[in-house]
Amino acid sequence: MDSRNVDVYYGNKQALSAVSLPIRQHRVTALIGPSGCGKSTYLKCLNRMNDTVVGCRVSGSITLDSEDIYGPSVDVVQLRARVGMVFQKPNPFPKSIFDNVAYGPRIHGMTNSHAQLNEVVESSLIKAGLWGEVKDRLQEPGTSLSGGQQQRLCIARAIAVNPEVVLMDEPCSALDPIATARVEELIDDLSQNYTIVIVTHSMQQAARVAHHTGFFHLGELVEFGPTEVIFTNPKEERTKGYVTGRFG
Amino acid sequence: MPRHSSPHTVASFDQELKFLDEMLVRQFDLVYDMIHDSMTAVSHFDPQLAQEVIQRDSKVDDLDRAIEDSSIKILALRSPMADDLRWVIAIQKASSELERMGDFSKNISKRVGTLALHPLPEAAGGLRVMGIMVLEQLERMRQGWIEEKTELAMAVWAGDEAVDTLYDGMFRELLTHMMESPKNISSCIHLLFMAKNLERIGDHITNIAEDLYYRITGDKLTSDRPKADKTCLVSSQG
């Protein structure tokens, strides 16, 4: 996935200016920056979640497999199956654990039989590291799970439709440290098969999970590079100020 | 805190970094005095001064332990990043180098008593010159550290070649004295060990230069450092 010169306006207010950022396949890319810097806005551009925001305009080019995702022939529903999303607060549907994961494959008509659907649900829950904990209670409501389990259920739901890219908007900010560690471990596992973009307020989390990190400030992408470089030897003063806590 | 940075949002973090740096500068001063006084003790064949130097080594060791403890605490509790991280790592590494330099000064001093029994003034001159040169290197290094100057780190790094050259010359000179008279052998061997200790101190100073360079730039001084210690090739058979 790639983006070039992306500008985003909310009405007259420019939220992002000229953001060019490569998102490498089967790698974890973290976006960091202070509140209001544009990182979540950028993330939402990647699966056109901003389309639902009144007055939002996006220009520039964002491509997935060299195809412009804002092109006229793009089916947004299909796009969001290819570019899934996990939100800050776990938001399982008010359905059973099974139905939460089965929802996507059903509406996209991805399976032909109940057995096949069972298989997709099981493999998604296994990939999300949740199968062992829920395999005997698949008919219980998703909301009956703990916060950390709910978030992993949402991740299972996102990957059930076999996306290429998974976007995560502060996926651990509502979780305790143990649940956070499990999600981080999961992100690491998932990166073998999926491209992951994560927005996080925790720099330690970015340092732990991401291969590449981008620092946003006031709607600009200030610096992008290997995570190790961003946290040990950033080139830009603003990045250095932010990661060290010396932000003037 | 790195001197050219803005203040940290958490002021007590800056105080912890500053304290760490102050301990290191204190260690620099103690080691400088130890080397200086051990050389004075050698020049004047003064075992009493040498004994004082030996006793001071524990203070350098104490500072090394205190710096290590504080660094671990900062790494664990503050999770420093970027130049703050490099600052802590570099101080910890430099402190270990200074601790070793203290040990070498102590080793030099330990030999003063024995050397005083059979002084060989004509052979000790080279050692004095080496001592002066090493102290100059250390002073330049301390200044570079305090002022955060890569130029000084580079100058120190390149300057060790001259120390090696002097050591090489001393090695040959002492070999000559030993060949002249077996009575000189004991003193010459002690002087040779002292010279080797000074040469090693020079190496540790260049390691600190590398630590400082990394601390300031985030890069490593990786190219081969010029070296002039060719003593491994010298033989009394010519």
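Cut-off values and rules
- Residues numbered from 1 in each chain as written.
- Chains lettered and ligands numbered in written order.
- Predicted model: local features only at pLDDT ≥ 70, side-chain atom pairs only at ≥ 80, totals over all residues.
- Heavy atoms only, no water.
- 1 Å grid on protein atoms, 1.4 Å probe; cavity = no way out; pocket = protein on both sides within 12 Å on 5 of 7 lines; lining within 4 Å.
- Points joined across faces, edges and corners; volume = space filled by probe spheres on them.
- Helix = DSSP H or I, 4+ residues; strand = E, 2+ residues; numbered from the N terminus.
- Contact = heavy atoms within 4.5 Å.
- Buried area = accessible area lost by both parts, 1.4 Å probe.
- Salt bridge = Lys/Arg side-chain N within 4 Å of Asp/Glu carboxyl O.
- Polar contact = N/O pair within 3.5 Å; in protein donor to acceptor, adjacent residues only side chain to side chain.
- Axes fitted to C-alpha atoms, helices over the stretch in contact; angles between N-to-C directions.
- Parallel < 35°, antiparallel > 145°, perpendicular 65-115°, else oblique.
- Left-handed = near helix turned anticlockwise from the far one by under 90°.
- Core = buried A, V, L, I, M, F, W, Y, C linked by side-chain atoms within 4.5 Å.
- Buried < 20%, exposed > 50% of the residue type's maximum accessible area, 1.4 Å probe, protein only.
- Nonpolar A, V, L, I, M, F, W, Y, C, P; charged D, E, K, R; others polar.
- Phe/Tyr/Trp six-rings, centres within 6.5 Å; stacked < 30°, edge-to-face > 60°.
- Lys NZ or Arg CZ within 6 Å of the ring centre and 35° of its normal.

J.: Honestly, the layout of surface pockets in this entry has me stumped. Any pointers?
T.: Leftover empty space is mapped by rolling, across the atoms, a probe with the size of a water molecule. Residue and element names in this part refer to chain A. Estimates place the volume of the largest pocket at around 510 Å³. Considering the residues around the largest pocket, the lining is formed by 19 residues, among which Arg80, Ala81, Met85, Phe93 and His108 are closest to the centre. At the level of elements, α2 (76-82), β6 (83-86), α3 (97-107) and α6 (147-159) are the ones that each hand at least two residues to the lining of the largest pocket. Among the elements that make up the lining of the largest pocket, the one with the highest residue count is α2 (four residues).

J.: How should I be thinking about the interface of chain A and chain B in this particular structure?
T.: A common measure of how large an interface is: the accessible area buried when the components associate. Between chain A and chain B, the contact holds eleven residues from the first and 20 residues from the second. Interface area for chain A against chain B, summed over the two sides, is near 1,200 Å², with a carbon-plus-sulfur share of 45%. Between Asp84 of chain B and Arg246 of chain A there is a salt bridge; the shortest N-O distance is 3.1 Å. At the boundary of chain A and chain B, one finds ten residue pairs in polar contact (both at pLDDT 80 or more). Only α8 (203-209), α9 (227-232) and α10 (237-244) of chain A provide two or more residues apiece to the side of chain A that touches chain B. For the side of chain A that touches chain B, the leading source of residues is α10 of chain A, giving three residues.

J.: What should I look at first to understand the packing of helix α5 (residues 121-147) of chain B against helix α7 (residues 185-217) of chain B in this one?
T.: In a pair of packed helices, the angle between the axes and the distance between the axes together describe the arrangement. All names here are of chain B. Where α5 meets α7, the axes come as close as 10 Å, and the angle between the chain directions of the two elements is 15°. In terms of orientation, α5 and α7 fall into the roughly parallel class. Our pair here, α5 against α7, has a crossing hand that is left-handed. Counted together, Ala123, Ala124, Leu127, Met130, Gly131, Val134, Gln137, Leu138, Met141, Gly144 and Trp145 of α5 and Leu191, Met194, Ala195, Leu198, Glu199, Ile201, Ile205, Ile208, Ala209, Asp211, Leu212 and Arg215 of α7 form the full contact between these two elements.

J.: I keep staring at the nonpolar core and nothing clicks. Help me out?
T.: Soluble globular proteins tend to bury their nonpolar side chains together. Ranked by internal contacts, the top residues of the largest apolar core, which has 65 residues, are Leu127, Trp145, Leu191 and Leu198 of chain B. When contributions to this core are tallied by element, the ones reaching two or more residues are α1 (11-43), α2 (47-78), α3 (82-110), α4 (112-117), α5, α6 (150-180) and α7 of chain B. In terms of residue count, α1 of chain B provides more of this core than any other element does, 13 residues in total. Ignoring sequence-local partners within four residues, the contact set of Leu198 of chain B consists of Ile35, Met39, Ile108, Leu127, Met130, Gly131 and Val134 of chain B. Formed by 47 residues, the second largest nonpolar core is a distinct cluster that contains Val166, Leu186 and Ile230 of chain A together with Ala82 of chain B.

J.: How should the packing of α1 of chain B against α3 of chain B be read in this particular structure?
T.: Residue and element names in this part refer to chain B. α3 packs onto α1 with a crossing angle of 20° between their chain directions and a minimal axis gap of 9 Å. Judged by the inter-axis angle, α1 sits roughly parallel to α3. In the crossing of α1 with α3, the sense of the turn from one axis to the other is left-handed. Classifying every residue of the contact of α1 with α3 gives 16 nonpolar, six polar and four charged.

J.: Help me understand the environment of Gly55 of chain A in this model?
T.: All names here are of chain A. Positionally, Gly55 belongs in the loop between α1 (39-45) and β4 (56-64). Judged by its relative accessible area of 41%, Gly55 falls in the partly exposed class. Separated by 44 residues in the primary sequence, Gly55 and Gly11 have C-alpha atoms spaced 4.9 Å apart. The residues touching Gly55, leaving out its near neighbours within four places in the chain, are Tyr9, Tyr10 and Gly11.

J.: Just to check I follow, could you spell out the packing of aromatic side chains for this structure?
T.: The geometry of an aromatic ring pair comes down to the distance between the two centres and the angle between the two planes. All names here are of chain B. Inspection of every chain in the model, using the stated rule, returns five aromatic pairs over all chains. Where Phe28 meets Trp145, the ring centres are 6.3 Å apart and the plane angle is 55°; that geometry is what we call tilted. Within this pair, whereas Phe28 is found in helix α1, its partner Trp145 is found in helix α5, the two being separated by 117 residues in sequence. By relative accessible area, Phe28 is classed as buried at 1%. We note Arg100 situated over the ring of Phe104; from NZ or CZ to the ring centre the distance is 4.9 Å.

Interpretation note: all reported values are geometric properties and have no functional meaning in isolation.
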